[in-house]
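One letter stands for each residue in the lines below.
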Amino acid sequence: MASVQLVDEVPARALAVYAHPDDVEVACGGTLARWVRAGCAVHLVVVCQGDKGSTDPAADLAGLAATRAAEVAAAAEVLGLASHRLLGIPDGEVEVTPQLVGDLVAVVRAVQAQVVVAPDPTALLFGRRYVNHRDHRVVGAAAIDAVAPAAAMPHYFPDRGPAWSVAELWLSGTLEPDTHVDVEPVLAVKAAALACHRTQVDLPGELLRSVVEQRAEDAGRAAGVRYAESFRRMLLA
Ligand SMILES: [Zn+2]
């Protein structure tokens, strides 16, 4: 595909906005780890609690949410994130509200993100096997609304900081990838960050690493490298 690009540029400041506590590692943990190692300040917003991420009908949801918040902190440390914030919305209950968009605008402006990374809200069905979680789609839509045009326009959420124009949106979990990042040097970091989410990945280290490798290999094939992560990239400025 002629339009597919392998991108090596690193922004100075980036913000990742994801729904569930472990989404960011799965979607773009390697890319963010690479950017951090190149000097980028990477910030994270996790919108939902992850309180329903259990197959146990008797699970203590508040307890699970608290455990998962600690897992986010541990994974953020492994990735080397500059900050992480939890908005604490229960799973399955997130909506694109002025409150949520305003909260995201406040973070975009506060950290002066050059790049915002978020789920592609247009991706609903992946082949015949995977229906994209509603929370991912809603959070992706809210992130986009926060970036374009809200954060850039002073009359949107005027009490949430001075206007800031985000230069690029990188959308993960997309059906239309056009941008790849070579994550071979940081694949072990991605696996280690994912392993922090113990409530979700109950796999021995070796197996977890091979799952991460498998996914990255699939993306890498399209990019002509061994391991990659894929995005749809919007150039806004
Ligand atoms: Zn998720």
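Residues numbered from 1 in each chain as written. Predicted model: local features only at pLDDT ≥ 70, side-chain atom pairs only at ≥ 80, totals over all residues. Heavy atoms only, no water.

(A) Looking closely at the overall build of the chain. In terms of regular secondary structure, the chain is built from six helices and ten strands. Relative to its length of 237 residues, the chain is compact, with a C-alpha radius of gyration of 17 Å against a globular reference of 18 Å. In terms of its C-alpha atoms, the chain occupies a principal-axis envelope of roughly 50 × 50 × 35 Å. Taken across its 237 residues, the chain has 47% of its residues classed as buried. A fraction of 80% describes how many contacts in the chain between residues 6 or more apart in sequence connect residues 24 or more apart. (Helix = DSSP H or I, 4+ residues; strand = E, 2+ residues; numbered from the N terminus. Rg over C-alpha atoms; globule rule 2.2 N^0.38 Å. Buried < 20%, exposed > 50% of the residue type's maximum accessible area, 1.4 Å probe, protein only. Contact = heavy atoms within 4.5 Å.)

(B) Representation of the pattern of salt bridges in the model. All told, the structure shown has 14 salt bridges when counted by the stated rule. The residue K52 makes a salt bridge to D51 at a minimum N-O spacing of 3.4 Å. By relative accessible area, K52 is classed as partly exposed at 42%. Three or more residues joined by partner-sharing salt bridges are found here, namely E9, E168 and R233. (Salt bridge = Lys/Arg side-chain N within 4 Å of Asp/Glu carboxyl O.)

(C) Representation of the packing of aromatic side chains within the structure. Scanning all chains against the criterion turns up three aromatic pairs. Both rings, one in F126 and one in Y130, keep their centres 5.7 Å apart while their planes meet at 40°; by these two values the pair is tilted. Accessibility expressed as a relative area gives 23% for F126, which makes it partly exposed. One aromatic cluster in this structure is built from W35, W170 and F231. (Phe/Tyr/Trp six-rings, centres within 6.5 Å; stacked < 30°, edge-to-face > 60°.)

(D) A look at the coordination of the zinc ion. In the first shell of the zinc ion, the protein supplies H20 (ND1), D23 (OD), D23 (OD) and H136 (NE2), at 2.1 to 2.7 Å from the metal. Between the four donor atoms coordinating the zinc ion, the angles at the centre fall across 53 to 117°, so the site counts as irregular. Sequence spacing of the donors to the zinc ion: H-x2-D-x112-H. On the basis of relative accessibility, which here comes to 7%, the residue H20 falls in the buried class. You can call D23 buried: its relative accessible area is 11%. (Donors = N, O, S within 2.8 Å, 3.2 Å for Na, K, Ca; no water. Tetrahedral: all angles 85-135°; square planar, octahedral: opposite > 155°, others 65-115°.)

(E) Local environment of the sheet that holds strand β2 (residues 13–18). One open sheet accounts for eight strands, arranged β1-β9-β10-β8-β5-β2-β3-β4; its pairing is mixed. A single partner strand is all that each edge strand has here, and the edge strands are β1 (5–6) and β4 (83–89). Pairing analysis gives three bridges linking β2 to strand β5 (residues 115–119), with the strands arranged parallel. Each residue of the ladder has a partner; that of A16, found in β5, is V117. Here helix α2 (residues 61–79) sits on the sheet in contact with β3 (41–48) and β4, set at roughly 160° to β4. Its contacts with the sheet place helix α4 (residues 134–147) against β2, β3, β5 and β8 (168–172), and it is angled at close to 155° to β5. (Pairing = 2+ DSSP bridges. Axes fitted to C-alpha atoms, helices over the stretch in contact; angles between N-to-C directions.)

(F) How the structure looks around the pairing of β2. Counted residue by residue, β2 has five buried out of six residues, so it is predominantly covered. Pairing of β2 with β3 involves six bridges; the strand directions are parallel. The residue of β3 that forms the bridge with Y18 is V46. Between the parallel elements β2 and β3, the chain passes through helix α1 (residues 23–37) in a crossover that is right-handed. (Right-handed = clockwise from strand over helix to strand, strands pointing away.)

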